[in-house]
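# Commentary on secondary and tertiary structure
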Amino acid sequence: MSAAHDAAIECSDLVIDRIGHGGVTRAVDGVTFTLRPGELMCVGGATGSGKSSLVTALAGFADSSLKVAGGRAHVCGVDARRPGRRRKILTALTGYIPQAAGANLPPRLTVGEVIAEPVVTRSKKVNAKNLAVRVASLLDELHLPIGAADRFPYELSAGMRQRVAIARAFMLEPRVLIADEPLANLDLEVRPVVFAAITRRRSEQSMAALLVTNDAAFIRELDADTLILRGGHVVARGVGRDLLWSPNSEADAAR
């Protein structure tokens, strides 16, 4: 089995273009890293650095404005550059939390239906009782009231909606969690609950996690391997606060 298939995520000189009204711009340029089962990596950088483009493409999320233009990227053994018919497998193996996930939950679905959606959209035969138990378990794990299952997203606070999005990402017990600012709108007392849920899956299920965050305190707390992007390039890498910067990058960042 190849190293790409052993890894949860394997990228080599990955290039991603963003297509917009103004033409094509290079969002990610030459990013290389490997994330193995059970490992955690954080991705930081300023607005426009390429963080969201990177994780959106790796998650297999259908976005016509993004194109993997070069290099290699495998996620759970699936070629993220040309997933083809395997895109459905990729999205099943990947728990994806896009940016502003809590604010963009389907408004016409109840919270229970939102969380269960990854299952019901993939299977015509679903045991309703088992599904309800699974939804209730995730609500409880993320410290959401069980009664929230029958409510609509607009009836919840922003922080509760974000936890609903996280519960949805956990629904299929993914092999890798890819999350863009997962701590958005979460109160400080709730963050450890989410962190514990991620840690439990890393420990018990060898789930890997790729998290976009600029929360320096959170990165230090996780003591995670970290990539810092600027202009689509990796300009620093390290663990926690011990970052190794590429030449001139640290000086530029301090300005």
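Residues numbered from 1 in each chain as written. Predicted model: local features only at pLDDT ≥ 70, side-chain atom pairs only at ≥ 80, totals over all residues. Heavy atoms only, no water.

Looking now at unusual backbone geometry. Even without glycine at this site, Ala100 takes up a positive phi of about 60 degrees. Mapping Ala100 onto the fold places it in the loop between strand S6 (94-97) and helix H4 (111-120). The class for Ala100 is partly exposed, based on a relative accessible area of 39%. Although it is not a glycine, Asn185 sits at a positive phi angle of roughly 70 degrees. Here Asn185 is to be found in the loop between strand S7 (176-180) and helix H7 (191-205). (Helix = DSSP H or I, 4+ residues; strand = E, 2+ residues; numbered from the N terminus. Buried < 20%, exposed > 50% of the residue type's maximum accessible area, 1.4 Å probe, protein only.)

Another point: the confidence of the model for the protein chain. Any segment with low pLDDT has predicted coordinates that should not be analysed in fine detail. Looking at the protein chain as a whole, its pLDDT mean stands at 90, while 95% of the residues score no less than 70. Within the protein chain, no element has a lower average pLDDT than helix H9 (residues 249-254), which sits at 51, and none a higher one than helix H6 (residues 158-170), at 97. (pLDDT = per-residue confidence, 0-100.)

We now examine the packing of H6 against H7. Running from amino to carboxyl end, H6 crosses H7 at an angle of 10 degrees, the nearest separation of the two axes being 12 Å. When the axis of H6 is compared with that of H7, the two are roughly parallel. Contacts from Arg163, Ile166 and Phe170 of H6 reach H7 at Val194, Ala197, Ile198 and Arg201. Each residue belonging to the contact of H6 with H7 can be placed in one class, and the counts come to 5 nonpolar, no polar and 2 charged. (Axes fitted to C-alpha atoms, helices over the stretch in contact; angles between N-to-C directions. Parallel < 35°, antiparallel > 145°, perpendicular 65-115°, else oblique. Contact = heavy atoms within 4.5 Å. Nonpolar A, V, L, I, M, F, W, Y, C, P; charged D, E, K, R; others polar.)

The next point concerns the pattern of salt bridges. Within the structure shown, the criterion is met by 9 salt bridges. A salt bridge links Arg201 to Glu141; the nearest nitrogen and oxygen atoms lie 2.7 Å apart. Taken as a pair, Arg201 in helix H7 and Glu141 in helix H5 (residues 128-141) lie far apart in primary sequence, 60 residues in all. Within this structure, Arg134, Glu141, Glu173, Arg200 and Arg201 form a network of salt bridges that share partners. (Salt bridge = Lys/Arg side-chain N within 4 Å of Asp/Glu carboxyl O.)

Attention now goes to the pairing of strand S8 (residues 208-212). Burial within S8 is extensive, with 5 of its 5 residues counted as buried. Side chains Ala208, Leu210 and Val212 project from S8 onto one buried face, and the interleaved Ala209 and Leu211 project onto a second face that is buried too. In terms of strand pairing, strand S3 (residues 40-45) meets S8 through 4 bridges, oriented parallel. Across the sheet, the residue bridging to Val43 is Val212, located in S8. Two strands pair when backbone bridges link them, and S7 and S8 are joined in this way by 5 bridges, in the parallel orientation. Note that in S8 the partner of Ala179 across the bridge is Leu211. Between the parallel pair S7 and S8, the chain is carried across by H7, and the sense of this crossover is right-handed. (Pairing = 2+ DSSP bridges. Right-handed = clockwise from strand over helix to strand, strands pointing away.)

Time to look at the environment of Leu35. With respect to the secondary-structure elements, Leu35 resides in strand S2 (residues 23-35). Taking the C-alpha atoms as reference points, Leu35 and Val135, separated by 100 residues in sequence, lie 29 Å from one another. When neighbours within four sequence positions are excluded, Leu35 is seen to be in contact with Ala7, Ala8, Ile9, Leu40, Met41, Ala208, Ala209 and Leu210.

What follows deals with the nonpolar core. Here is a general trend for soluble globular proteins: nonpolar side chains tend to be buried in one another's company. With 42 residues, the main nonpolar core has Ile115, Leu142, Val164, Phe170, Leu177, Ile198 and Leu211 as its most contacted residues. Mapped by element, the contributors of at least two residues to this core are S3, H4, H5, H6, S7, H7, S8 and helix H8 (216-222). Tallying contributions element by element places H6 first for this core, with 7 residues. Within the second largest apolar cluster, 33 residues are counted, among which are Ala8, Leu54, Ala80 and Ala208. (Core = buried A, V, L, I, M, F, W, Y, C linked by side-chain atoms within 4.5 Å.)

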